[in-house]
Every structure is written in C-alpha cells, then in structure tokens.
Amino acid sequence: MSFQIALNFEDGVTRFIQADGHETVADAAYRQGINIPLDCRDGACGTCKCKAEAGRYELGDNFIEDALSEEELAQGYVLTCQMRAESDCVLRIPASSQLCKTEQASFEAAISDVRQLSESTIALSIKGESLSSLAFLPGQYVNLKVPGSEQSRAYSFSSLAKDGEVSFLIRNVPGGLMSSFLTSLAKAGDSMSLAGPLGSFYLRPIQRPLLLLAGGTGLAPFTAMLEKIAEAGSEHPLHLIYGVTNDFDLVELDRLQALAARIPNFTYSACVANPASEYPHKGYVTQHIEPRHLNDGDVDVYLCGPPPMVEAVSQYIREQGITPANFYYEKFAAAA
Ligand SMILES: Cc1cc2nc3c(=O)[nH]c(=O)nc-3n(C[C@H](O)[C@H](O)[C@H](O)COP(=O)(O)OP(=O)(O)OC[C@H]3O[C@@H](n4cnc5c(N)ncnc54)[C@H](O)[C@@H]3O)c2cc1C
Ligand code: FES
C-alpha cells in the first residue's frame, strides 16, 4: 500500500512523495528525485533526522541512541533512513529544498470563476488538468503569477482541491497589481501560473481544542482547514473568530454556517471593527476571545490575517498570561 508523505523544507517549500510500507522514506524520496540529507543510512549518525508532524510510521530498533535519543523519539523525531510509513505523514526536513535537490512545483491552469463577493473581496477559482496532481496541506499557500507581468502574489487556498479546481479569497487592494487584474481584466478561461505549495501554516493533527482567529481574507486558510475537518471529523471543540474592518468585508458567512452544520463541534462568531457597523457583533477579534476559548492553555491557536492584526492578537494572548500548547500564525504581508 502506498502513502502520501508531505516533505516540508525549511525554506517553506513542500513536496509530496509516495512511499509504500516496505521502503524507507529516505529511499522513497530518493527514488522520486529528492535527496533528504543522509550519511550512514544505518541508524548510526542522525544526519537524516526529521520531525514527524503527522502520521503513523514504524522505525524498528536498528538505530542507536546517539542518532535518535529516547527524548527525541518521544517528541516525534524520526530517522528517515529507518522510517517506514503506515499512513499518510507530514515531515519537517531541517534543510532547504535546494539542498535536497528539489524546488517548488509549477502548474498552469485557467480561471474557472472570478467574482467580487463585495467591494473589498474577490473569490477566484482556477482549474486545470495539471492541478489534479497538485497536493497541499490545508492552510498552505501558492504564488500566483499576475498575468501580463513578471510578478507573483501569495494566496492561501480557501478550499480543498476538487476535480482539478482550487479557490482563493482575495482582498481587493485599491491600485494593487493582482487586485487590478482581477477586478478589471480577469475573465473565465484566462491562463494563470502558480508555484507551490508553500508554508508552515497548516492544520496539524487535532489533539486538543482549537481556537482559529481570522482577520479579513485571513479567513481563506481556515475554510480550507474546515473542509478537511468536515471530511475527517474532530472529537475536540473548534471555535473560529472572524474579524473584519467594515460590514462589506464580511463574506462567506453562509459557507461558515454550512461548515458548522457539517462539523458537530465547530462554532464561530464574526465581528466588525468599524463602530458605525450595523452588524450586531462589533469590535476586534480580541474582544471576542473568552477564557473558555483559551482553555487554560490546553488549546492550539491558529491565527491568520494582515500583519498588524496578527501582532495585536499575538500580544493580547501573551498578556492573558496563557501559553497555548501550540501557536501557529500566518501574516498576509504585502509583496516587497
Ligand atoms: C503567505 C501569504 C499568504 C497570503 N494569502 C492571501 C490570501 O489568501 N488572500 C489575500 O487577500 N491576500 C493574501 N496575501 C497577501 C497577497 O499576497 C497580496 O499582498 C495582496 O493580495 C495585495 O496584492 P496586489 O498585487 O493586489 O497589491 P500590490 O500591488 O502588492 O500592492 C499595492 C499597494 O498596496 C499595499 N498593500 C498590499 N496589501 C495590502 C494590504 N493587505 N493592506 C493595505 N495595503 C496593502 C502595498 O504595500 C502597495 O503599496 C498573502 C500574503 C502572504 C505573504
Ligand atoms: S543516515 Fe545516518 S542515521 Fe539515517
């Protein structure tokens, strides 16, 4: 049986390989043109050590303490020259993709749908045969090339891939290069190039309650994650707080409602910062975080949005004197 192994390199590039339960992950990667750093290949040197972030696997006992200590084993470290997958896995490789003789994958696709959900927000879907081989972890992003220019912009997938189609939720930045293309020129059928997947902001195995905090189109990675959770289920409570600046920024509420109907433990609330808002819940995301959401620190927090919002929320959580078990964030920084 073959399993899908996501290899996350330290430069943010992710590549997926197939490994059957008989070959080691290092051998499977090599067979597929990726050289995970190796030396002894015998469980003695520790050169091939990586962190397994998800999945089941078997390591055997043919390695020594100097290569992988009991403590590292308990923390989820593995030796890829000894590791045999028993399910799909996610591995963090402590080397760049370039060092491992690989690079981000590129794809060509065509716009299947582009529309403004409101004056500030654009929904984009692209589709193509090549995308049927695009794998990514929910929460990750790609670089989309702006047609007619040499520049690219980063966008998080807002859905899982389905029938070679992926979607994005994009803020309409007035005068912005991609924003202008999408609002005035783009039409169904136009070609688009994308490169990725990228990023370390992705859904880990759910081992405790989750608090998801989204600012504006920072909602995008969460709708992808929630689609995955709707498929796989979760026994832990999940709460999303979605904050925007103006009423017209508030989009995809019907989608959140549909996801809440599919995921029994999932609740969400939304809030609008503008005091003139007509929405019943006003204020910033931080004003809607309740002590029960932080669960005395036994919580994994995922936070995504524009840099000032991510900084403000991170600081607020620190000020509560609570250290979440895990804290993952993504800043939607503007391109340099
Ligand atoms: C990892 C990552 C993932 C991202 N995912 C998403 C996503 O899913 N959805 C999404 O909408 N965006 C996302 N972004 C931001 C996105 O990549 C672009 O920066 C944004 O869409 C603006 O691109 P543009 O070409 O329209 O504007 P640009 O031509 O890049 O910018 C035009 C002007 O507007 C300024 N500007 C750019 N963005 C903003 C902003 N947010 N607020 C105020 N001023 C701004 C720029 O500094 C510049 O002066 C992500 C960024 C990163 C780094
Ligand atoms: S390569 Fe030496 S322990 Fe794996």
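Residues numbered from 1 in each chain as written. Chains lettered and ligands numbered in written order. Predicted model: local features only at pLDDT ≥ 70, side-chain atom pairs only at ≥ 80, totals over all residues. Heavy atoms only, no water.

Where an unreviewed UniProt entry is consulted, the protein chain appears under the name Toluate 1,2-dioxygenase electron transfer component, with the organism given as Pseudomonas reidholzensis. What the UniProt record of the protein chain gives under Cofactor (unreviewed entry) is the line "[2Fe-2S] cluster". (UniProt positions renumbered as here; feature names shortened; annotations may be inferred.)

Observations regarding the overall build of the protein chain
Summing up its helical and strand segments, the protein chain has seven helices and 18 strands in all. Computed over the C-alpha atoms, the radius of gyration of the protein chain is 21 Å, within 12% of the 20 Å expected from 2.2 N^0.38 for a compact globule of 336 residues. Out of the 336 residues in the protein chain, the part that is buried amounts to 51%. Summarising the internal contacts of the protein chain: among those between residues at least 6 apart in sequence, 69% fall at separations of at least 24. Within the structure as shown, the protein chain displays about 15,900 Å² of accessible surface, and the carbon and sulfur contribution to it stands at 47%. Computed over 25 positive and 41 negative side-chain charges, the inter-centroid distance for the protein chain is 4 Å. (Helix = DSSP H or I, 4+ residues; strand = E, 2+ residues; numbered from the N terminus. Rg over C-alpha atoms; globule rule 2.2 N^0.38 Å. Buried < 20%, exposed > 50% of the residue type's maximum accessible area, 1.4 Å probe, protein only. Contact = heavy atoms within 4.5 Å. Areas by Shrake-Rupley, 256 points an atom, 1.4 Å probe, with all protein chains shown as cover. Lys, Arg positive; Asp, Glu negative; His and termini not counted. Charge placed at Lys NZ, Arg CZ, Asp CG, Glu CD.)

Some remarks on helix α4 (residues 220-232)
The end-to-end C-alpha distance of α4, which contains 13 residues, comes to 19 Å, matching closely the 18 Å that a straight helix rising 1.5 Å per residue would cover. Among the 13 residues in α4, ten count as buried, and that is most of the element. What α4 keeps buried is the set Ala220, Pro221, Phe222, Thr223, Ala224, Met225, Leu226, Glu227, Ile229 and Ala230. With its phi angle positive at about 80 degrees, Gly233 sits one or two positions after the end of α4. (Expected span 1.5 Å × (residues − 1).)

Notes on the sheet that holds strand β12 (residues 165-171)
Taking strand neighbours across the sheet as the criterion, the six strands line up as β11-β10-β13-β8-β9-β12 in an open arrangement whose pairing is antiparallel. Because the sheet does not close on itself, it has two edges, and the strands there are β11 (152-156) and β12. Sheet twist, expressed as the mean angle between neighbouring strand axes with direction ignored, is 40 degrees. Where strand β8 (residues 105-118) and strand β9 (residues 121-127) come together, seven bridges link them in antiparallel fashion. Residue pairing in the sheet places Ala110 in a bridge with Lys127 of β9. In this fold helix α3 (residues 177-185) packs onto β8, β9, β10 (141-145), β11, β12 and β13 (191-198), with an angle of close to 80 degrees to the strand it touches most, β9. (Pairing = 2+ DSSP bridges. Axes fitted to C-alpha atoms, helices over the stretch in contact; angles between N-to-C directions.)

Here we look at the packing of α4 against helix α5 (residues 253-262)
Across the interface, α4 lies against α5 with an axial gap of 10 Å and an inter-helix angle of 25 degrees. Taken together, the axes of α4 and α5 lie roughly parallel to each other. Handedness of the α4/α5 crossing: left-handed. Each of Thr223, Leu226, Glu227 and Ala230 in α4 lies in contact with α5, whose residues at this interface are Arg255, Leu256, Leu259 and Arg262. Considering only residue class, the contact of α4 with α5 consists of four nonpolar, one polar and three charged. (Parallel < 35°, antiparallel > 145°, perpendicular 65-115°, else oblique. Left-handed = near helix turned anticlockwise from the far one by under 90°. Nonpolar A, V, L, I, M, F, W, Y, C, P; charged D, E, K, R; others polar.)

Details of the environment of Ile289
Mapped onto the fold, Ile289 is located in the loop between β16 (266-272) and α6 (291-294). Overall, the relative accessible area of 7% leaves Ile289 in the buried class. As a C-alpha pair, Ile289 and Ser269 span 20 residues in sequence and 10.0 Å in three-dimensional space. Residues in contact with Ile289, not counting those within four places in the same chain, are Leu211, Leu213, Ile241, Leu294 and Tyr316.

Things to note about the nonpolar core
Residues Ile5, Leu7, Ile17, Leu91 and Ile93 are the most contacted members of the largest nonpolar core, which totals 30 residues. Mapped by element, the contributors of at least two residues to this core are β1 (2-9), β2 (14-20), α1 (25-31), β3 (49-54), β5 (77-79) and β7 (89-93). Considering each element in turn, this core owes the most residues, four residues, to β1. Beyond its immediate sequence surroundings of up to four residues, Leu91 is in contact with Ile5, Ala6, Leu7, Asn8, Val25, Lys51, Ala52, Val78, Thr80 and Met83. Within the second largest apolar cluster, 28 residues are counted, among which are Phe201, Ala214, Leu240 and Val272. (Core = buried A, V, L, I, M, F, W, Y, C linked by side-chain atoms within 4.5 Å.)

Structural notes on the site of ligand 1
Near ligand 1 lie 21 residues; those nearest to it are Arg153, Ala154, Arg171, Met178 and Ser179. In this structure, an oxygen atom belonging to ligand 1 sits 2.9 Å away from a main-chain N or O atom of Leu177. A distance of 2.5 Å separates an oxygen atom of ligand 1 from a polar atom in the side chain of Ser179. Compared with its free state, where it exposes 940 Å², ligand 1 has 74% of that area covered by protein. Taken together, the elements giving at least two residues each to the shell around ligand 1 come down to β11, β12, α3 and β18 (326-331). Considering every element that reaches the shell around ligand 1, the biggest residue donor is β11, with four residues. In terms of residue class, the shell around ligand 1 is made up of 13 nonpolar, four polar and four charged. (Near = heavy atom within 4 Å. Polar contact = N/O pair within 3.5 Å; in protein donor to acceptor, adjacent residues only side chain to side chain.)

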